[in-house]
Amino acid sequence: MKTGIFGGTFNPPHEGHAEAARAVMRALSLDRIIFVPTAQPPHKALPRFSATEEQRLCMTRLMAESVEGASVSDIEILRGGVNYTADTLSEFKKLYPEDELYLLMGTDMLLSFGAWKRPADICALASLAVFRREENDLEKIKAAAKETEKAYGGRVCVIENDPIVFSSTKARGGDRQMLSPAVEKYVSDHCLYVDTDALCESVKGRLSEKRYAHTLGVASLSCELARIYGEEENRAFCAAVLHDCAKEMPLSEQLSICEKYGVKQDYDEDNLKELIHADTAAALAKAEYNMCDDVCRAIKYHTTGNDEMTLLDKIIYVADACEENRKWDKAPALREQAKRDLDGAVVFLLDETVKRLEKNGKKPYYRTRTALCAAKDTERKKKMADEPVSIVKTAVKAADAKKASDITVLKVAAQTTLADYFVIMTGMTGVHLRALSEEIEKKLKEEGVTPHHIEGVTSSWILMDYGGAVINIFLQDAREMYALERLWGDAETVDINTFLSEDEEK
Ligand code: ATP
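Every residue gets a number counted from 1 within its own chain, in the order that chain's sequence is written. Only residues with pLDDT of at least 70 get local features here, since the model is predicted, and only at 80 or more are side-chain atom pairs given and counted; chain-wide, interface and lining totals rely on the full set of residues.

**Q** Give me the domain arrangement of the protein chain: which residues, what numbers.
**A** Throughout, the edges of the domains are those of an automatic or database domain assignment. Once the domains are mapped, the protein chain shows domain 1 (2-187), domain 2 (196-383) and domain 3 (387-505). For domain 1 versus domain 2, the distance between C-alpha centres works out to 43 Å.

**Q** If you had to explain the sheet that holds strand β4 (residues 100-106) to someone new, which residues and values would you point to?
**A** Should DSSP find at least two bridges between two strands, the strands are taken to pair. Helix and strand assignments come from DSSP, with helices taken as H or I runs of at least 4 residues and strands as E runs of at least 2, each series counted from the N terminus. Spatial ordering of the open sheet is given by β3-β2-β1-β4-β5-β6, a layout of six strands whose pairing is parallel. The two strands at the open ends of the sheet, each matched to only one other strand, are β3 (70-72) and β6 (156-159). Across the sheet, the mean angle from the axis of one strand to that of its neighbour is 25°, orientation sign disregarded. Looking at chain direction, strand β1 (residues 2-8) and strand β2 (residues 32-37) are connected through six bridges and run parallel. Within β2, the residue paired with G7 across the bridge is V36. Lying on the sheet, helix α2 (residues 53-64) is in contact with β2 and β3; it crosses β3 at an angle near 170°. Think of each axis as a best-fit line through the C-alpha atoms, taken over the contacting stretch in the case of a helix, with angles from 0 to 180 degrees between the N-to-C directions. Contact between residues is assigned whenever the C-beta positions, reconstructed from backbone atoms, fall within 7 Å.

**Q** Which residues make up the packing of helix α14 (residues 269-287) against helix α15 (residues 293-300), and what values do they have?
**A** Orientation of α14 relative to α15, taken along the N-to-C sense of each, is 165°, at an axis distance of 7 Å. Comparing the axis directions of α14 and α15 gives the class roughly antiparallel. Viewed along their axes, α14 and α15 form a crossing whose handedness is right-handed. Where α14 abuts α15, its residues A278, D279, A281, A282, A285 and K286 lie against V295, C296, I299 and K300. Taken together, the residues of the contact of α14 with α15 sort by class into seven nonpolar, no polar and three charged. Should an angle lie under 35 degrees it is considered roughly parallel, over 145 roughly antiparallel, and from 65 to 115 roughly perpendicular; all remaining angles are considered oblique. Crossings are sorted by hand: turned counterclockwise from the far helix by less than a right angle, the near helix makes the crossing left-handed, and turned clockwise it makes it right-handed. Residues are grouped as follows: nonpolar covers Ala, Val, Leu, Ile, Met, Phe, Trp, Tyr, Cys and Pro; charged covers Asp, Glu, Lys and Arg; every other residue, Gly included, is treated as polar.

**Q** For the nonpolar core, give the residues involved together with the corresponding values.
**A** Here a nonpolar core is just a set of buried residues of the types Ala, Val, Leu, Ile, Met, Phe, Trp, Tyr and Cys, joined wherever their C-beta atoms sit within 7 Å. Burial is judged by counting other C-beta atoms within 10 Å of a residue's own C-beta: 20 or more means buried, 12 or fewer means exposed, and anything between counts as partly exposed, with every C-beta placed from the backbone. Judged by nonpolar contacts, the single largest core of 103 residues is most densely connected at L242 and V318. Three or more residues apiece are contributed to this core by two domains, here domain 1 (2-187) and domain 2 (196-383). With 30 residues, the next largest nonpolar core counts A395, V396, L436 and A469 among its residues.

**Q** Talk me through the sheet that holds strand β11 (residues 469-475); I want residue IDs and the actual numbers.
**A** The six strands lie next to each other as β9-β10-β11-β8-β7-β12, forming an open sheet whose pairing is mixed. Single-partner strands in this sheet number two, and they are β9 (453-455) and β12 (492-494). In this sheet, adjacent strand axes meet at a mean angle of 20° when their direction is disregarded. Along the sheet, helix α20 (residues 388-401) contacts β7 (405-411), β8 (421-427) and β11; its crossing angle with β8, the most-contacted strand, is approximately 10°.

This is the structure in structure tokens:
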């Protein structure tokens, strides 16, 4: 099999790479080409605001889809650090001992080949397949090919392709014409290669000194929260820098921008002045700064929240309220809470906003109210899933309402790692057993908790595994036979009346 190995930084991969690969494939009748994104290039340092290794790997995969017979290897990225081509080729030789290897490279690489580590080893392991990158570089390659063969042995195949004169440097500089649609979307979705200095300068020109300082404060806190919660910093930074970019525009200008970009808004007069800047900023972020949808929506919802907040929405929403420059007395505590518990901080902030507006005789915008309900719901579900005792409580109440008898709760956390609680109950018939299990499942589902699995639905013992709580529903005979209470005799018995009486007290 003839295998081409095409290494590069691919930061980002572009049509020049893809077309060169296709040309070599055709010219040398290769069976396959393997793109190998490098971990850290030996000859050049990665530029600032560059894509991560993982992102370059993803983009290379997207590019490779357009080259028939191509695949992508993460061999160098997994090895990490500085990789040398001679070592990579040795690995491929071990992987594919029968294959004839070809190392693909453009003119620029051949011209610097003498500076590579162990060039003679490379030439012993693979033939070089050198393709053109520039107009008029053919003679240069041919001469360099001869010299290389003379100096290091082996074979250099010169590919007389039509070059696509383009580079990743150009793409990073904002020229996206040679990126495939899939790679271009990836670049945009991940806010890669944004010229953040130019972005900041532009926003600075739109804002007073004070608001610009606030903007930088939001950017700094957003990036910190992004690092904590696993959002991409680039995206958090861009959304934060742009979130208030329309705030100081006259209302009439904002309205005409919204109209121009077809932004639908339904604010009443009370809210219009306060809130429309978020819609305007989102429209500008899309139209003038070319930001992706996720960033634009975080900007759009940064003052009101919404009922399906993404991680980025939450980060921008909270950071806006409590960044370092905010004078609000609750800002420092909220900042700390956001770093520990972002969802809790969102609930707190939405709640505070609704209360403050109502206290001042204003009507909170409907989206803030629905956001608050949704955020509280998420919180409650999370708590339920985290606390097995809440699962037990709901299950016991559901079972009691459906007339289960002899409900027993054992706290088994000290005896086993299987669960924290066992709930045991008896039903009268098989039908009753199933009715009990369905009711418990339904009630817990309403709380956002679903079972890991349920066993024995048609037998005399239904077992519902909810992780920290395992619920056992028996027919009387089976309960006596399996005698779980006896088996877990050392476990503490929990008084279920405390669960059942809670509702009565209310
Ligand atoms: P940068 O601009 O960041 O230096 P690049 O565009 O040169 O990047 P690399 O990933 O460094 O791309 O290059 C990997 C390989 O692809 C090299 O062998 C290079 O010669 C080749 N190559 C890069 N661009 C082209 C192109 N437009 N046409 C043909 N080959 C190319």
